[in-house]
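# Observations on the model geometry
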Amino acid sequence: MTGSAASASPEALAFCFAGSRLLVRREGEGVPEVPTLLALDQRATVGPLPIGSLDGRACVVLALDGGLPPGLIPLGLRDLFPLWPEPLMGMAVRASEVLEWYRAHAFCGRCGTATVMHTTEMARVCPACGTLHFARISPAVITLVHRGRELLLARNHSFRPGFFALVAGFVEPGETLEEAVVREVREEVGIEVRELRYFGSQAWPFPSQLMVGFFASYASGEIRPQATEIAEARWFDRDRLPSPNDRPAPYSIAGRLIAAFLERG
Ligand SMILES: [Zn+2]
């Protein structure tokens, strides 16, 4: 147990991770309360760290070492996305990202000294050089490119056979979101886009991305997939998309972009 400012109140909800999986109650939905978890005599390797509140109840994140406590089942966040309502899922995402940050900054990236928790901020501070290490979010753009009735879908080499998704990639240093959209589409499929339109964003905890969604109109060029990354890319008529199982899930921002395109009629 780390010496943080996180002494949890008795009724706090425990977002507790074993590896990358969250421990959820076997019966009903949601996560256990901290006393339930402590009664199971588990040893926390991280936390509890406070991460905010949900419906007026404090929430903490912690990580367990070793065996799983009885009565709780470990589920991946991808399994939970379709099951949980947004506020609860949002807190699970936050918990995962806070834990990722905490683990990734045990040592100062500037001088290598072991860091300690800041007394008031959610930051780790280096006692040697004073650098503050806040949680790091990586922005990425995801784009639905459309051409009349068609939209552009692509398959990465890592996708399972038959599965198609939208063009996406990380924002590079010094870039605007719009520049990243134009560059990623150009690099991955070799076409030019125009008329970018912001759609929305989604925290994506694998491990700490902020996915920023755009629509973009096709401007020019022929599809030329980038060989190292893209296995296949093509235009799909809106009435002949891959089946729902072979395209992004409805809870993802990619799925929401596609649904919004189809709803536009
Ligand atoms: Zn340092």
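Note on numbering: residues in each chain are counted from 1, in written sequence order. In view of the model being predicted, local features appear only for residues whose pLDDT reaches at least 70, and side-chain atom pairs are presented and counted only at 80 or more, with totals across whole chains, interfaces and linings using the full set of residues. Hydrogens are left out, water is left out, and the side-chain values use all remaining heavy atoms of the structure.

The protein atoms that coordinate the zinc ion are Cys-108 (SG), Cys-111 (SG), Cys-126 (SG) and Cys-129 (SG), at distances of 2.3 to 2.4 Å. Counted as donors are the N, O and S atoms within 2.8 Å of the metal, or 3.2 Å for Na, K and Ca, while water is not among the atoms, so some sites may look incomplete. Here the metal geometry follows the donor angles, with tetrahedral for four donors whose angles all fall between 85 and 135 degrees, square planar for four and octahedral for six when opposite donors are more than 155 degrees apart and every other angle is between 65 and 115, and irregular for all the rest. Given 4 donor atoms and angles of 100 to 119 degrees at the metal, the environment of the zinc ion is assigned as tetrahedral. Spacing between the donor residues of the zinc ion along the chain follows C-x2-C-x14-C-x2-C. In this pair, Cys-108 is assigned in the loop between α3 (86-104) and β6 (116-117) and Cys-126 in the loop between β7 (123-125) and β8 (132-134), connecting sequence segments 18 residues apart. Helix and strand assignments come from DSSP, with helices taken as H or I runs of at least 4 residues and strands as E runs of at least 2, each series counted from the N terminus.

Glancing now at the pattern of salt bridges. Salt bridges are identified by distance alone: a Lys or Arg side-chain nitrogen within 4 Å of an Asp or Glu carboxyl oxygen. Applying the stated criterion to the full structure yields 12 salt bridges. As a salt-bridge pair, Arg-183 and Glu-184 come within 3.1 Å of each other at their nearest N and O atoms. Here the term buried applies to any residue with accessible area under 20% of the maximum for its type, exposed to any over 50%, and partly exposed to those in between, with areas from a 1.4 Å probe on protein chains only. Given the relative accessible area of 11%, Arg-183 is considered buried. The exposure class assigned to Glu-184 is buried, which follows from its relative accessible area of 9%. Between Glu-232 and Arg-234 there is a salt bridge, with the nearest N and O atoms lying 2.9 Å from each other. Relative accessible area serves as the criterion here: at 31%, Glu-232 is assigned to the partly exposed category. Connected via shared salt-bridge partners are Glu-172, Glu-175, Arg-183, Glu-184 and Glu-187.

Attention now goes to α3. The span expected for a helix works out to 1.5 Å for each residue beyond the first. Along its 19 residues, α3 runs 27 Å from first to last C-alpha, staying within 8% of the 27 Å computed at 1.5 Å per residue. Of the residues making up α3, those classed as buried are Leu-88, Met-89, Met-91, Ala-92, Val-93, Ala-95, Ser-96, Glu-97, Val-98, Leu-99, Trp-101 and Tyr-102.

Time to look at the domain arrangement of the chain. For the domains described, the bounds stem from an automatic or database domain assignment. Here the chain is described as being made up of domain 1 (5-104), domain 2 (105-136) and domain 3 (138-263). Relative placement of domain 2 and domain 3: their C-alpha centres are 36 Å apart.

This paragraph deals with the packing of aromatic side chains. Two rings from Phe, Tyr or Trp (for Trp, the six-membered ring) form a pair when their centres sit within 6.5 Å of each other. Planes less than 30 degrees apart are called stacked, planes more than 60 degrees apart edge-to-face, and all others tilted. In total, this model carries 9 aromatic pairs according to the counting rule given. Taken together, a centroid distance of 5.5 Å and an interplanar angle of 85 degrees make the contact between Phe-159 and Phe-163 edge-to-face. Relative to Phe-236, the ring of Phe-164 has its centre 5.0 Å away and its plane inclined at 70 degrees; by these criteria the two rings are edge-to-face. Pair noted here: Phe-164 is in the loop between β10 (150-156) and β11 (167-170) and Phe-236 is in strand β14 (residues 230-237), with a separation of 72 residues, a long-range link.

Below, the discussion takes up the environment of Pro-85. As for its position among the elements, Pro-85 is in the loop between α2 (77-80) and α3. In this structure Pro-85 comes out as partly exposed when scored by relative accessible area, which is 45%. Through-space distance from the C-alpha of Pro-85 to that of Gly-30 is 9.9 Å; in sequence the pair is 55 residues apart.

Next up on the list: the nonpolar core. Ranked by internal contacts, the top residues of the largest apolar core, which has 46 residues, are Phe-15, Leu-22, Trp-84 and Leu-166. With 10 residues, the top contributor of residues to this core is α3. When residues of this core are sorted by domain, at least three fall in each of domain 1 (5-104) and domain 3 (138-263). Sequence-distant contacts of Leu-22, defined by excluding residues within four places in its chain, comprise Phe-15, Cys-16, Phe-17, Val-31, Ile-73, Pro-74, Leu-75, Leu-77, Leu-80, Trp-84 and Ala-92. Put simply, buried Ala, Val, Leu, Ile, Met, Phe, Trp, Tyr and Cys residues joined by side-chain atoms within 4.5 Å make one nonpolar core. By the convention used here, residues are in contact when the closest approach between their heavy atoms is within 4.5 Å.

Right, let's get into unusual backbone geometry. Cis geometry is adopted by the peptide bond preceding Pro-48, which originates at Gly-47 and carries an omega value of 10 degrees. With respect to the helices and strands, the residue Pro-48 is situated in strand β3 (residues 44-54). For the bond running from Phe-206 to Pro-207, omega is 0 degrees, close enough to zero to count as cis. Mapping Pro-207 onto the fold places it in the loop between β12 (192-204) and β13 (209-220). Of note in this structure, Asp-55 is not a glycine but carries a positive phi near 50 degrees. Position of Asp-55 among the secondary structure elements: in the loop between β3 and β4 (57-64). The residue Glu-195 is not glycine, and still its phi comes out positive at about 50 degrees. Relative to the assigned elements, Glu-195 resides in strand β12.

The subject of this paragraph is the sheet that holds strand β5 (residues 72-75). Ordered by their spatial adjacency, 5 strands build an open sheet running β3-β4-β1-β2-β5, and the pairing between neighbours is mixed. If you trace the sheet from one side to the other, it starts and ends with β3 and β5, each paired once. Mean inter-strand twist for the sheet, computed between neighbouring axes without regard to direction, equals 30 degrees. Bridge count for strand β2 (residues 21-25) against β5 is 4 bridges, and the pairing is antiparallel. Looking at the pairing, Leu-22 lines up with Leu-75 of β5. Each axis is a line fitted through C-alpha atoms, and for a helix only the stretch in contact is used; angles between axes span 0 to 180 degrees, taken between their N-to-C directions. Taken strand by strand, α3 contacts β1 (13-18), β2, β3 and β4, and its axis lies near 140 degrees from that of β3. Here the rule is simple: two strands pair whenever DSSP picks up at least two bridges between them.

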